[in-house]
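# Report on the structure
What follows is the residue order along each chain.
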Amino acid sequence: MEKTYYDPADLGKFGNIADFEPNLAKKFFDYYGEVFKAGALTEREKALIALAVSHTVQCPYCIDAYTQETLGKGCSEAEMMEAVHVASAIRGGASLVHGVQMMNKAKKLSM
Amino acid sequence: MIKSLKAQAHTLSETDAQLDLLNGPLFYDSGNSSFTAHLKENNQFPLKPTNLEIFQINLGYMCNQTCAHCHVDAGPDRKEIMTRDNMQICVDLVRKHNFKTIDLTGGAPEMNPDFRWFVTELKKAGAQEIIVRCNLTIIVANKKYNDLPEFFKEHDVRVVSSLPYYKSEKTDKQRGNGVFDKSIKALKMLNAVGYGKPGTGLILDLVYNPAGAFLPGNQMELESDFKKELSKSWDIEFNSLLAITNLPISRFLDYLVKSENFVDYMVKLVNAFNPSAIDGLMCRNTISIDWDGHMFDCDFNQMLDIKIPAANGSHISTFDIDKLSKREISVNQHCFGCTAGAGSSCQGTTA
């Protein structure tokens, strides 16, 4: 058994999940490939969204992959960091907006 | 001034050291199969040439820049340049064989004192398309080069120029301080004589090389971003963007090793192997010629000194189209750079 939960080399082995169950893996990777093709959004825009989401789900593999993707698609460091701040703002905001719930409850309970 | 690896007597200025590194434990110890094995799996081994269409001539390793990613290890301290005698042999071959494209590269090919004579003679010999791989800054490096845009126009040369980004920071990191501003100035001079402008027929293409250890994104999207940004900020126009993957050779290899990206980058190239990029590999329709007249399957094999075997005629003085067409193309692990993702060649993506 490995001594750490995450190994950077595992990112390159993502496709190996098909070894245990090929049908669902194929469906997933086909879908994944379609999702990231240019459509109403460009590949570049999708990569920036993916970078932000990677930080929200705090997936080191995803952060590794989409840092490379966004760089390759010509995103600047400032654009990449702004995307991370978008993730951070939504995460922080998601906690903070519940403050209203706390206030509602506190007001209800208080004289 | 930044010195070339050769001037530093750096280990990686030796091609054997580069090939040893490229064939290291990643391939004999970690379960990755070689490029040859990948070709065999796709029934493409040995790799054979198609029609010889591109005659790519390196006029010398001398350059006014010392770019951090340069696989040629070019720079001001490199003195190897093609002689007029070798150029004459090339002109005679062009006259005889009527290659579709003559691709002039370097270093900065314009620094060869016989550059203009050569272009003029190639034109007289009937060359249909002449490409000059112009680093842009050479145009503004010295008064004697300021009229290059007019010279290119007069000889209907297609200009292909490197610009890794539409902003200064990444460009200067890869190509040297101040290169971006000079490149913009040169692009404006090229635009001014009609290059990159619709309806002029004067083609100005830009080359995008990633400024780091990552692969280029979608060529069409990058082109659209470059066009939008260069037009908006600088009122500059160009025709096409060619996205080219950096190959792990010479200074880019040195960068990968020093930045501890070498293994990850090679794994990335191997994992991104795209079988459909094999058909369009540039080594199949190109011959690369070095300053001394030796022939190679491509510019990258030239830099690794992997010559075309003597039996197939390894020097322009013994050029034999039949023997060349029967050769087996030499491959090694650096070739994964040309089959990764959308494929890569001196003409951009291939798959």
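Rules of the game
- Residues numbered from 1 in each chain as written.
- Chains lettered and ligands numbered in written order.
- Predicted model: local features only at pLDDT ≥ 70, side-chain atom pairs only at ≥ 80, totals over all residues.
- Buried ≥ 20, exposed ≤ 12 C-beta atoms within 10 Å, placed from the backbone.
- Helix = DSSP H or I, 4+ residues; strand = E, 2+ residues; numbered from the N terminus.
- Right-handed = clockwise from strand over helix to strand, strands pointing away.
- Pairing = 2+ DSSP bridges.
- Contact = placed C-beta atoms within 7 Å.
- Core = buried A, V, L, I, M, F, W, Y, C linked by C-beta atoms within 7 Å.
- pLDDT = per-residue confidence, 0-100.

All names here are of chain B. Among the 6 residues of strand 3 (residues 129–134), 5 are classified as buried, and the element is accordingly described as predominantly covered. One crossover worth recording links strand 2 (residues 101–105) to the parallel strand 3 by way of helix 5 (residues 115–124), and it is right-handed. As paired strands, strand 3 and strand 4 (residues 158–162) are joined by 4 bridges and run parallel to one another. In the strand pairing of strand 4, isoleucine 131 is matched with arginine 158.

Between chain A and chain B, the residue contacts involve 11 residues of the former and 13 residues of the latter. If one sorts the elements of the side of chain A that touches chain B by residue count, helix 3 (residues 60–72) of chain A sits on top with 3 residues.

In this section: the nonpolar core. Residues and elements named next belong to chain B. Ranked by internal contacts, the top residues of the largest apolar core, which has 110 residues, are Cys90, Val94, Ile102, Leu122, Ile130, Val132 and Val159. Ranked by residues supplied to this core, first place goes to helix 9 (residues 179–192) with 6 residues. Beyond its immediate stretch of four places on either side in the chain, cysteine 90 contacts Ile57, Ile289 and Ile316.

Residue and element names in this part refer to chain B. Structurally, the position occupied by glycine 341 is in the segment after helix 15 (336–339). The class for glycine 341 is buried, based on 21 C-beta atoms found within 10 Å. Along the primary structure glycine 341 and lysine 268 are separated by 73 residues, whereas in three dimensions their C-alpha atoms are 9.8 Å apart. Residues contacting glycine 341, with those up to four places away along its chain left out, are Leu215, Ala272 and Asn274.

Our next topic: the confidence of the model for chain B. Per-residue pLDDT for chain B averages 96, and the proportion of residues at 70 or more is 100%. Both scores are available for the predicted complex, with the pTM at 0.91 and the ipTM at 0.78.

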